Amino acid sequence: MPAYDFVSPDSIRAQFSAAMSLMYKQEVPLYGTLLELVSEVNQQVMAQQPKVAEALRWTGEIERLDQERHGAIRVGTAEELATIARLFAVMGMAPVGYYDLSSAGVPVHSTAFRAVHEQSLHVSPFRVFTSLLRLELIDNLPLRELAQGILAKRKIFTARALELIAQSEQDGGLNAADADEFVREALHTFRWHQDATVTAEQYQQLHDQHRLIADVVAFKGPHINHLTPRTLDIDAIQVGMPAKGIPPKAIVEGPPTRRHPILLRQTSFKALQEQVAFSDHQGSHTARFGEIEQRGAALTPKGRQLYDKLLDTTRAALRGAPAEANAERYMALLQESFTAFPDDLAQMREQGLAYFRYFATEKGLAAREQADRPTTLEGLIAAGHVHFEALVYEDFLPVSAAGIFQSNLGDEGQAEYGSNANREAFEAALGLQVQDELALYAQSERRSLEASAQALGLGSL
Ligand code: OOG
Ligand code: NI
């Protein structure tokens, strides 16, 4: 089939993300309520904070905001993970980053599937935080074998989805009709199944070992467990949730409130109890929840080190994990620690704390022919010929992710697995290496410098 018949992977992803959102709205109506709240808050911010709206216009994020969301799934075997990677590749999503959650008492390790180029991210920033269960961390051997046996039997992809993945790999893409069918078929993998694959007693055994193990092993597939829209003001969301009948978790994960947001701030509401038909009788399971996030600047290694240090300082000062009882103190301590992180874009840039995107301005373009115009980046910025905005963070944060897992799984009885990061084992299961997110940000920044230089008729910047 000639290549010009193929739909771009970016538009398959956009289509899939929209279909997923529609499905999740039907499955978890509270997600729909959350979308309404996010949309109200985002409109308010754009109307009341013209600077924020202007920055989003420069970077183009204004156009992707309404459809921006991430999902999360947990798979049970290496084979499932490797096939998920192939499925996401059809929609232009690659594994980025490695996250070890075992040190936080969650027996999984994870990656984020997402688009990697800013142009693709602009079409659809849809991402999926994907975790692989680590049964090797469970020292209860009979239970481990029970789980392995159950997982070995399940098939999480439809036969047609597998065919279309293979076809896309072989031909180098899918045409419009096949892409439509692929989206419909792929969606089945992420659906909620009311009927479990185990007896009520087996569920209980798995659950008693770790709730997450039951969530992965007892069901027919890796149901999407949350779908997270992006807000421009998470504090307004946190305050606004109760009025909509959505109880938020105690604290907002990530950095504190800032004029110039960095990385990622997240809050969530607890999973609802859902009816489950075990193979012998009825029961319930808490699986799916809601989450909202606010995204800010991607940090350089130096900025990230500072972030990690300040977060550690805060947690050490709190003497314990943040929870309901100490939430207010935690947020105050966090704000206090982070006064050491400059809240000013120019300073963040000068100190090399964040990645940026650069743009040639109208003024710069008009001055192209002037002999005495500045030609260095700093000179061009000072003269207003080049404008910069923070490059948005597209990834996740392990401490926050652990907090999200915990609030969803319940604070009680945290497990201890020690620190067991094993990126090689994860990549072996995946059948691919995960990409380095820092390299991706640096490349994106570089491309924006090159484009600015070219627009201004300069050799390089
Ligand atoms: C994933 C938790 C991590 C996030 O936004 O950090 C996550 C999960 O609960 O499966 O989604
Ligand atoms: Ni999430």
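Sequence order as written defines the numbering, with residues in each chain counted from 1. Lettering of chains starts at A and numbering of ligands starts at 1, both following the order in which they are written. Since the coordinates come from a predicted model, pLDDT governs what is reported: local features require at least 70, and pairs of side-chain atoms require 80 or more to be given and counted, while whole-chain, interface and lining totals use all residues. Hydrogens and water are ignored here; the side-chain numbers use all heavy atoms of the structure.

**Student:** Please provide a residue-by-residue account of the coordination of the nickel ion (ligand 2), values included.
**Tutor:** In an ideal octahedron of six donors the angles at the metal are 90 or 180 degrees, and in an ideal tetrahedron of four donors they are 109.5 degrees. Coordination shells were defined by N, O and S atoms within 2.8 Å of each metal, extended to 3.2 Å for Na, K and Ca; water is absent from the atom set, which can make sites look incomplete. Ligation of the nickel ion (ligand 2) by protein atoms is provided by His70 (NE2), His226 (NE2) and Glu291 (OE), these donors lying 2.1 to 2.2 Å from the ion. In primary-sequence terms, the residues that donate to the nickel ion (ligand 2) follow H-x155-H-x64-E. You can see His226 sitting in strand S7 (residues 226–229) and its partner Glu291 sitting in strand S11 (residues 290–295), a full 65 residues away along the chain. When accessible area is computed with a 1.4 Å probe and restricted to protein chains, residues below 20% of their type maximum are described as buried, those above 50% as exposed, and intermediate ones as partly exposed. Look at His226 and you get buried, because its relative accessible area is 6%. Secondary structure elements follow DSSP: runs of H or I no shorter than four residues count as helices, runs of E no shorter than two count as strands, and numbering proceeds from the N terminus.

**Student:** I'd like a rundown of the pattern of salt bridges, residues and numbers included.
**Tutor:** A pairing counts as a salt bridge when a side-chain nitrogen of Lys or Arg comes within 4 Å of a carboxyl oxygen of Asp or Glu. A complete count under the given rule lists 30 salt bridges for this structure. A salt bridge links Arg127 to Glu293; its shortest N-O distance comes to 4.0 Å. Pair noted here: Arg127 is in strand S5 (residues 127–133) and Glu293 is in strand S11, with a separation of 166 residues, a long-range link. Residue Arg127 is classed as buried on the basis of its relative accessible area, which comes to 0%. On the accessibility criterion, Glu293 (0% relative accessible area) is buried. Across the pair Asp195 and Lys220 runs a salt bridge, and its minimum N-O distance is 3.0 Å.

**Student:** Which residues make up the layout of surface pockets, and what values do they have?
**Tutor:** For the largest pocket, the calculated volume is near 970 Å³. Here a cavity denotes a set of grid points, spaced 1 Å apart and computed over the protein atoms alone, in which a 1.4 Å probe fits but from which it cannot get out, and a pocket denotes an open set meeting protein on both sides within 12 Å along at least five of seven lines; residues with an atom within 4 Å of a point are reported as lining. What lines the largest pocket is a set of 33 residues, and nearest its centre among them are Val52, Ala55, Arg259, His260 and Pro261. Going through the elements one at a time, helix H3 (50–59), S11, helix H15 (345–350) and strand S13 (386–390) are the ones with two or more residues in the lining of the largest pocket. Looking at the lining of the largest pocket element by element, the count peaks at six residues for H3. Residue polarity is assigned by list, with Asp, Glu, Lys and Arg as charged and Ala, Val, Leu, Ile, Met, Phe, Trp, Tyr, Cys and Pro as nonpolar; anything else, Gly included, falls into the polar class. Taken together, the residues of the lining of the largest pocket break down into 14 nonpolar, seven polar and 12 charged. Grid points are joined across faces, edges and corners, and a volume is the space filled by probe spheres set on the points.

**Student:** Describe the environment of Thr59, and please don't skip the residues or the numbers.
**Tutor:** For Thr59, the position within the fold is in helix H3. For Thr59, a relative accessible area of 7% gives the class buried. Along the backbone, Thr59 and His122 are 63 residues apart, and their C-alpha atoms lie at a distance of 9.1 Å.

**Student:** Please give an account of the sheet that holds strand S3 (residues 94–100) that cites residues and values.
**Tutor:** Two strands pair under a simple rule: DSSP has to find at least two bridges between them. Overall, mixed pairing links the five strands, which are arranged S3-S4-S5-S2-S7 in an open sheet. The outermost strands of the open sheet, each flanked by one partner alone, are S3 and S7. The mean angle between the axes of side-by-side strands here comes to 20°, regardless of whether they run parallel or antiparallel. Where strand S2 (residues 69–75) lies against S7, four bridges are found, and the strand directions are antiparallel. By the bridge assignment for S7, Gly71 is matched with Leu227. For this analysis, residues touch if any pair of their heavy atoms sits within 4.5 Å. Interaxial angle, 0 to 180 degrees, is taken between N-to-C directions of lines fitted to C-alpha atoms, where a helix line uses only the stretch in contact. Contacts between helix H18 (residues 398–409) and the sheet are confined to S2, S3, strand S4 (108–114) and S5, with S5 contributing the most and set at about 70° to the helix.

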